[in-house]
Protein chains: 2
Amino acid sequence: MKATIRSVAQEAGVSTTTVSKVINHTGSISEQTRKNVLAAMKKLNYSPDVAAASLRGKRTKAFGLLVPDISNPFYAEVARSIEDRSHDFGYNVMMCNTDNDAEKEKNYLSLLTSQRIDGLVVASAFRSPDLLEEMLDKGFPMVLIASEIPKLSVNTVTVDDYKGGYLATSHLLSLGHKKIAIIIENVRSNAARLAAFKEAMQEADLPIPDGFIVKTEAAIQKGYESGKKILSMKEGPTAIFACNDLLAAGVLQAAKEVGLNIPQDLSVVGFDNTVLSTTTSPMLTTISQPIKLMGAKAVDLLIEEMKQEKGNKERLLLSPELIIRQSTASISI
Amino acid sequence: MKATIRSVAQEAGVSTTTVSKVINHTGSISEQTRKNVLAAMKKLNYSPDVAAASLRGKRTKAFGLLVPDISNPFYAEVARSIEDRSHDFGYNVMMCNTDNDAEKEKNYLSLLTSQRIDGLVVASAFRSPDLLEEMLDKGFPMVLIASEIPKLSVNTVTVDDYKGGYLATSHLLSLGHKKIAIIIENVRSNAARLAAFKEAMQEADLPIPDGFIVKTEAAIQKGYESGKKILSMKEGPTAIFACNDLLAAGVLQAAKEVGLNIPQDLSVVGFDNTVLSTTTSPMLTTISQPIKLMGAKAVDLLIEEMKQEKGNKERLLLSPELIIRQSTASISI
DNA sequence: ATGAAAGCGCTAACAC
DNA sequence: GTGTTAGCGCTTTCAT
């Protein structure tokens, strides 16, 4: 028999109102009754029912989190930072894996609506963001993390992808590379990385030959395949910018298989600075995103928005950093 | 203004009872009214409020998931498989990171209780399982995954850790290694792996020198440090069994730093077969756990238990598999 | 086949 | 400083 506010009230010899007041620190309560109530709560091992409270207009103390795939180390780390910060505020996080699939996204959105969550953290791509827009219009607290949906007026925290792409390309350029290929994932954040790549190449007056831009999905295997394809060209590149660590790890495998030494024969730079970038051999030069900070900021923004109905939307652009490890080197010839 | 069962009833010109019946497929409803109600629901974009329903004794359609750390690739993959299967049943998953910290475990347990979850999946260590036991006694649906708490009578799905440990050690033994060290994490599952290691060594009449068993935490850095320590011994081992991939990755780094070639100078086997084992170089020989299957089974067990109050507790022991890659080889001398 | 009404656990006026 | 009371959105007897 689970303890209710009524059983606590009875135990403490007061009314439910009083108990409610001590739970929520509202109204005024004498120190003595407070103690009695607290004691009764402890004795009955009482914990308030959020569901019931939320019915009366209070918060559910739960956020939804939409990620493409938690088993992708980048999103696992994002999830961890989101959950940590949420927990600091007494919030639980409902995790949903969308695979960037529109059907699943929609599905989860309605599941989460049924669950009466207080806010939503979105890291999924949402190529058709109509439903999100609807929720936004209704004033539903939401924040995008590591994901951009230009059309939407919404709180956003991302790394500066353009800068990241520029950093990576410049690094390669400064090493003397002239033939650089890029592998991107087909999501919005990667578009900015590509744009920066093109810009940097153009500034250096370098061409981007056909086949030097390949678009694929985020998976080691895909990186491997893309790497194979690029490295089989007659006039292959001397460097590859892989737009995330998963892809870069795949490229490393492909290069090894083709007999290329890294970084002597081929430089590779990744993106995200996930755990993977330190386990590959050679370790990956990559662009780091301040994941801990991003997660914390995202949650803060959400909490903020919940308090003040309809505050202004913020767009937080955090700075990426170039982490030089062992997968890049000056061009030898 | 969110649609309620009342607004739907009004729209359809029926009572709330009728609407409830069509939602839950209970009682009997004429085909015509069914259609009307469905139409009204669609029109108002209605989705039932789980919180309110749960107040009346229905399920909340949410599970809790306690993992040590979602940013550990193994648990990320476990979480993914749990969430996938839960979603198949219309369930949401609340993810909690405990860091195997008793305080946090306790904290989350009470947070989750407030949330009225229908069941709990536990992958966290729970060195003091009193609270879990209490919940179990109350008949609360629970399942342990990749984690053992012998004292508890509870549904469990794990890999056969003993067999896994035996597999790993035998592999090394069959390669001619006689001096083998082991690095374990201080959790229960690893105890079985260690026991199997000892057993296999004894069967082969091989001693385990002082310092060949090191106990640490699950992190690359810890694996690195432990590796360094072991490899600095005068009479070092020719093979190391690292009880998870994170640790193994660290050992690889340590070996490299000390100038040891893998697998020529040192064989390494990991455990878990996470994404890490394919990105290291050389790729890791490791013991694979059928994570997808484990997650699915765990959820199935939970659903099963929810239906039939107090069924018998099952203990599912799945078979691990030896995955031979490149980090192990016959002893050269 | 349908509806009226009670009540799940809780909060918030409002009264005292 | 404390209690009475009305409902939040829903399910569920029990009538009709």
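Residues numbered from 1 in each chain as written. Chains lettered and ligands numbered in written order. Predicted model: local features only at pLDDT ≥ 70, side-chain atom pairs only at ≥ 80, totals over all residues. Heavy atoms only, no water.

Take the interface of chain B and chain A next. By a widespread convention, an interface's size corresponds to the accessible area lost as its parts come together. Listed as interface residues are 54 residues of chain B and, on the opposing side, 54 residues of chain A. Of the roughly 4,200 Å² buried where chain B meets chain A, counting both sides, 56% is carbon and sulfur surface. Our count for the contact surface shared by chain B and chain A stands at six salt bridges. Between Arg 116 of chain A and Asp 49 of chain B there is a salt bridge, with its nearest N and O atoms 2.0 Å apart. Where chain B touches chain A, the interface holds 28 residue pairs in polar contact (both at pLDDT 80 or more). (Contact = heavy atoms within 4.5 Å. Buried area = accessible area lost by both parts, 1.4 Å probe. Salt bridge = Lys/Arg side-chain N within 4 Å of Asp/Glu carboxyl O. Polar contact = N/O pair within 3.5 Å; in protein donor to acceptor, adjacent residues only side chain to side chain.)

Below, the discussion takes up the protein's contact with DNA strand C. The local shell around DNA strand C holds 26 residues, among which Ile 5 and Tyr 46 of chain A together with Thr 18, Ser 28 and Arg 56 of chain B are the closest. Here, DNA strand C places atoms within 4 Å of the protein, and 58% of those atoms are sugar or phosphate. Asn 24 of chain A is positioned such that a nitrogen or oxygen atom in its side chain is 3.2 Å from a phosphate oxygen of DNA strand C. At a separation of 2.9 Å, a phosphate oxygen of DNA strand C approaches a polar side-chain atom of Thr 33 of chain B. At the level of elements, helix H1 (5–12), helix H2 (16–24) and helix H4 (50–55) of chain A together with helix H2 (16–24) of chain B are the ones that each hand at least two residues to the surface near DNA strand C. (Near = heavy atom within 4 Å. Helix = DSSP H or I, 4+ residues; strand = E, 2+ residues; numbered from the N terminus.)

Okay, the relation of the copies chain B and chain A next. Mapping chain B onto chain A is achieved by rotating through 180° and translating by 0.1 Å along the same axis, at an RMSD of 0.2 Å. This pairing of chains is accounted for by a two-fold axis. (Least-squares fit on C-alpha atoms with pLDDT ≥ 70 in both.)

With that settled, the discussion passes to the side chain of Glu 83 of chain A. Along the polypeptide, Glu 83 of chain A turns up in helix H5 (residues 73–88). Within the buried core, Glu 83 of chain A has no salt-bridge partner, and the shortest N-O distance to an opposite charge, that of Arg 80 of chain A, equals 5.1 Å. Once residues within four sequence positions are removed from consideration, Glu 83 of chain A is found in contact with Val 93 of chain A together with Met 95, Cys 96, Asn 97 and Tyr 108 of chain B. (Buried < 20%, exposed > 50% of the residue type's maximum accessible area, 1.4 Å probe, protein only. Lys, Arg positive; Asp, Glu negative; His and termini not counted.)

Turning our attention to the sheet that holds strand S9 (residues 267–269) of chain A. Residue and element names in this part refer to chain A. Across the sheet, which stays open at both edges, the four strands sit in the order S7-S6-S8-S9 with parallel pairing between neighbours. Taken across any chain shown, the strands that pair with only one partner, and hence form the sheet edges, are strand S7 (213–216) and S9. Along the sheet, successive strands turn relative to each other by an average axial angle of 15°, direction set aside. Here helix H8 (residues 161–174) sits on the sheet and contacts strand S6 (180–185), strand S8 (239–242) and S9; the angle it forms with S8, its principal contact strand, is near 170°. The strands that helix H10 (residues 220–231) touches are S6, S7 and S8; relative to S6, the one it contacts most, it runs at about 150°. (Pairing = 2+ DSSP bridges. Axes fitted to C-alpha atoms, helices over the stretch in contact; angles between N-to-C directions.)

Residue and element names in this part refer to chain B. Where helix H1 (residues 5–12) meets H2, the axes come as close as 8 Å, and the angle between the chain directions of the two elements is 105°. Between H1 and H2, the angle is such that the two are roughly perpendicular. The residues of H2 that touch H1, namely those facing Ile 5, Arg 6, Val 8 and Ala 9, are Thr 16, Val 19, Ser 20 and Ile 23. (Parallel < 35°, antiparallel > 145°, perpendicular 65-115°, else oblique.)

Before going further, it helps to examine the UniProt feature "domain: HTH lacI-type" (unreviewed entry) in chain A. Look at the UniProt record and you will see "domain: HTH lacI-type" (unreviewed entry) annotated at residues 3–57 of chain A. Taken end to end, residues 3–57 of chain A is 67% helix and 0% strand, and its first and last C-alpha atoms sit 22 Å apart. (UniProt positions renumbered as here; feature names shortened; annotations may be inferred.)

Burial within strand S2 (residues 92–97) of chain B is extensive, with six of its six residues counted as buried. Side chains Asn 92, Met 94 and Cys 96 of chain B project from S2 of chain B onto one buried face, and the interleaved Val 93, Met 95 and Asn 97 of chain B project onto a second face that is buried too. As paired strands, strand S2 (residues 92–97) of chain A and S2 of chain B are joined by three bridges and run antiparallel to one another. When the sheet's bridge partners are listed, Met 94 of chain A is paired in S2 of chain B with Met 94 of chain B. Pairing analysis gives six bridges linking strand S1 (residues 62–67) of chain B to S2 of chain B, with the strands arranged parallel. Residue pairing across strands places Ala 62 of chain B opposite Asn 92 of chain B, the latter belonging to S2 of chain B. Each parallel crossover has a hand, and for S1 of chain B linked through helix H5 (residues 73–88) of chain B to S2 of chain B it is right-handed. (Right-handed = clockwise from strand over helix to strand, strands pointing away.)

With that settled, the discussion passes to the domain arrangement of chain A. Assigned domains within chain A: domain 1 (1–46), domain 2 (49–159 + 293–318) and domain 3 (161–289). Put simply, the middle of domain 1 of chain A and the middle of domain 2 of chain A, counted by C-alpha atoms, are 33 Å apart. (Domains from an automatic or database assignment.)

The next thing to look at is the protein's contact with DNA strand D. Taken together, 26 residues sit near DNA strand D, with Thr 17, Thr 18, Ser 28 and Arg 56 of chain A together with Ile 5 of chain B positioned nearest. At the protein interface, 58% of the atoms of DNA strand D within 4 Å belong to sugar or phosphate. A distance of 3.2 Å separates a phosphate oxygen of DNA strand D from a polar atom in the side chain of Asn 24 of chain B. The set of elements that each furnish at least two residues to the surface near DNA strand D consists of H2 of chain A together with H1, H2 and helix H4 (50–55) of chain B. Residue classes in the surface near DNA strand D are distributed as nine nonpolar, ten polar and seven charged. (Nonpolar A, V, L, I, M, F, W, Y, C, P; charged D, E, K, R; others polar.)

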